[in-house]
Amino acid sequence: MTKNIDLSTALGIPPLPSHSSESISALLWAREVLQQHLTTTYAVKDPKGIEELKSVKIGGIDQWLHIRGRNRNNPVLLYLHGGQGSPVIGLMDAIQRPWEDYFTVVQWDQRQTGKSYYPADDSNTHLTVQQFIEDTEEVIQTLRNYLEKDKLFVLGHSWGSVLGMHMVKRHPDWLYAYIGVGQIVNWMDNERVLYERLLGHAKEQKEDQVITELESIAPYPDPDCPEKSFAENCVFVRRELCRLAGESLMRHLLWDDVFNISNLNRAISPHLTLTDLSNAVLGDETALLRAPYAFTKEFMEIDLPNQVGSSFKVPIFFFSGNHDWLTPVSLSDHWFSEISAPYKELIHFEESCHAAMNEEPGKFLIALVNKVLPYAQAETGREVYGT
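Here's what I pulled together on the structure shown here. Predicted model, so just to flag it, every value in this text is computed and none were measured.

Criteria and thresholds
- As a convention, each chain's residues are numbered from 1 in the sequence order in which they are written.
- Per-residue local features of the predicted model are confined to residues with pLDDT of at least 70, and side-chain atom pairs are confined, for both listing and counting, to 80 or more; whole-chain, interface and lining totals are unaffected and use all residues.
- Water and hydrogen atoms were dropped before computing side-chain values, which therefore reflect all heavy atoms in the structure.
- Under the scheme used here, helices are H or I runs from DSSP no shorter than 4 residues and strands are E runs no shorter than 2 residues, and both carry numbers assigned from the N terminus.
- Residues are treated as being in contact if the distance between any of their heavy atoms lies within 4.5 Å.
- Residue-level accessible areas treat just the shown protein chains as cover; the underlying method is Shrake-Rupley with a 1.4 Å probe.
- In this tally, Lys and Arg are treated as positive and Asp and Glu as negative; His is ignored, and so are the chain termini.
- Charge positions come from single atoms, namely NZ of Lys, CZ of Arg, CG of Asp or CD of Glu.
- Buried residues are those whose accessible area, probed at 1.4 Å on protein chains only, stays under 20% of the maximum for their type, while exposed residues exceed 50% and partly exposed ones sit between those limits.
- When DSSP finds at least two bridges between two strands, those strands are taken to pair.
- Helix span, as expected, comes to 1.5 Å for every residue beyond the first.
- The directions considered for the arc run from the helix axis to the C-beta atoms.
- Between N or O atoms, a polar contact is any pair within 3.5 Å; within protein, one atom must be a potential hydrogen donor and the other a potential acceptor, and residues adjacent in sequence are included only when both atoms are from side chains.
- What counts as a ring pair is set by centres within 6.5 Å for rings of Phe, Tyr and Trp (its six-membered ring), and what kind of pair is set by the plane angle: stacked under 30 degrees, edge-to-face over 60, tilted for all other angles.
- Whenever a carboxyl oxygen of Asp or Glu lies within 4 Å of a side-chain nitrogen of Lys or Arg, that contact is scored as a salt bridge.

Concerning the overall build of the protein chain
Helix and strand content of the protein chain: 16 helices and 8 strands. Judged by the C-alpha coordinates and their principal axes, the protein chain covers about 60 × 60 × 45 Å. Pairs at least 24 residues apart make up 74% of the contacts formed inside the protein chain by residues separated by at least 6 positions. Total accessible area on the protein chain is roughly 16700 Å²; 52% of this is exposed by carbon and sulfur atoms. Side-chain charges of the protein chain comprise 34 positive and 52 negative groups, with the mean position of each set lying 6 Å from the other.

Set out below in structure tokens:
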């Protein structure tokens, strides 16, 4: 199943005045100029630094890593993106630039998305959660060998926090510490809480049309077929919660505005080719929302407290947006209270929803450097000075 997306929407730009060859040529020229500008602006020029965009064999297929840092001696921070199917190569240069003074930051586009896209073949080999877990293990092993590091930090965002917690449980000896952002706990509970939150706001604001739509999909998720119920309605409940309360993706941006910004950033990124953009626009829908929902069914069964437990051997940080009801902060706060670890800390970002690194980037950086980074310094006995 492929996506039906308007070109202007896909690029995050206003409608083109025309689709003539002259307009397209001008658009491509502007893209090239902006790509050159971004390449120069964010290039790692430090002689001790590293900047590599490379394809590696992970799980038997080519998957892409973007490795950037101002000093190769700095500890590695692997960022596990959300979704499933929300790659961030091409989106994070501005946000992570200050991180690179302290960490070697690695972005990985997971299989079948972003630069690691390949066409789906669900009838023969549908994606599985276990497959992503094994891919994550292989990525970490690849980085440990290639960058000559025994340990690294893992930051899991949203769906990436599921993979991250599995790494914490399976391989504590590989990690200095774990940072969960928009931490997932139990996905069925996640959707029930989100639904009730939106319904409460809709009743309070007398949004009759939203109330009618919510009542028509109740119970949500449908216990008889939760995967189909989720896939067909998840965007609606998130977009409306964003509109009515600013409690979904970002606190002060509407749902569509967030995606327009992201799409434009991808369109002008020097890290993405026209083929990458074409795959994003014309390729298969993400597995999470794609019939016959085999992967979605597994996703709906995520229940981390039962699947990985609540006792860990790695320092645990949850960076949680106070207004995050996309992955409800009430659920992650409760799980955090039950977690046992050598050290744990819950940090709330008061003006954030689901993307604190974008919404409060200064506070996010300070927390990374002052709270998380010392766990590498403590083990290596070496200060991190950036360049």
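What to know about unusual backbone geometry
Residue Pro219 is bonded to the preceding Ala218 through a cis peptide linkage, with omega at -5 degrees. Position of Pro219 among the secondary structure elements: in the loop between helix H7 (208-217) and helix H8 (226-245). Following Tyr220, the chain continues to Pro221 via a peptide bond in cis, the omega torsion being -10 degrees. With respect to the helices and strands, Pro221 occurs in the loop between H7 and H8. The phi dihedral of Lys206 falls on the positive side, at around 55 degrees, and the residue is not glycine. Residue Tyr293 is not a glycine yet carries a positive backbone phi of 70 degrees. Among the secondary structure elements, Tyr293 is positioned in the loop between helix H10 (274-282) and helix H11 (294-300).

Focus: the pairing of strand E3 (residues 76-80)
Within E3, 5 of the 5 residues are buried, leaving the element largely enclosed by the surrounding structure. Every second residue of E3 is oriented toward a common face, with Val76, Leu78 and Leu80 on one face and Leu77 and Tyr79 on the other, all of them buried. The sheet contact formed by E3 and strand E4 (residues 104-109) spans 5 bridges and is parallel. Residue pairing across strands places Val76 opposite Thr104, the latter belonging to E4. Summarising the sheet, E3 and strand E5 (residues 152-157) pair through 4 bridges and their orientation is parallel.

Describing helix H2 (residues 21-42)
The first and last C-alpha atoms of H2 sit 31 Å apart over 22 residues, in line with the 32 Å expected at 1.5 Å per residue. Inspection of H2 places Ser23, Arg31, Gln35, Leu38 and Tyr42 among the buried residues, and these make up the whole buried set. Across the axial projection of H2, the buried residues extend over an arc of 110 degrees, all falling on one side. Structural note: H2 exposes Ser21, Glu22, Trp29 and Thr40 on the side pointing more than 90 degrees away from its buried face. Tucked into the core, H2 has its buried residues touching strand E1 (50-58), strand E2 (61-69), helix H3 (93-96), helix H9 (255-268) and H10.

Topic: the side chain of His157
Mapped onto the elements of the fold, His157 is located in strand E5. Excluding its chain neighbours within four sequence positions, the residues that come into contact with His157 are Tyr79, Leu80, His81, Gly82, Val181, His354, Ala355 and Met357.

Thoughts on the environment of Asn306
You can see Asn306 is positioned in helix H12 (residues 304-307). With 82 residues separating them in the primary sequence, Asn306 and Asp224 have C-alpha atoms 22 Å apart. Among the polar contacts listed, one links the side chain of Asn306 to the side chain of Asp303, at a separation of 2.6 Å.

What about the packing of aromatic side chains?
Scanning all chains against the criterion turns up 23 aromatic pairs. Between Phe103 and Phe153, the aromatic rings sit 5.7 Å apart at their centres with planes inclined by 85 degrees, giving edge-to-face as the arrangement. Separated by 50 residues along the polypeptide, Phe103 in the loop between H3 and E4 and Phe153 in strand E5 bring together distant segments of the chain. Like Phe153, Phe103 is buried. A centroid spacing of 6.3 Å and a plane angle of 80 degrees characterise the contact between Phe312 and Trp335, whose relative ring orientation is edge-to-face. One end of the pair, Phe312, is in the loop between H12 and strand E7 (316-321); the other, Trp335, is in helix H13 (residues 329-338), with 23 residues separating them in the sequence. There is no split in this pair, since Phe312 and Trp335 are both buried. These aromatic residues form a ring-pair network of at least three members: Tyr79, Trp99, Phe317, Phe319, Tyr343, Phe349, Phe364 and Tyr375.

Description of helix H4 (residues 129-146)
Across its 18 residues, H4 extends 26 Å between first and last C-alpha, which sits within 8% of the 26 Å expected from 1.5 Å per residue. Among the residues of H4, Val129, Phe132, Ile133, Asp135, Thr136, Glu137, Val139, Ile140, Leu143 and Arg144 are the ones counted as buried. A positive phi of about 55 degrees marks Glu148, the residue just after H4.

Things to note about the pattern of salt bridges
Tallied over the entire structure, the rule returns 20 salt bridges. The partner of Asp276 in a salt bridge is Lys115, and the shortest N-O contact between them spans 2.7 Å. Pair noted here: Asp276 is in helix H10 and Lys115 is in the loop between E4 and H4, with a separation of 161 residues, a long-range link. Using a relative accessible area of 11% as the deciding quantity, one classes Asp276 as buried. According to the relative accessible area criterion, Lys115 is buried, its value standing at 10%. Measuring nitrogen to oxygen at the nearest pair gives 3.3 Å for the salt bridge that ties Lys297 to Glu301.

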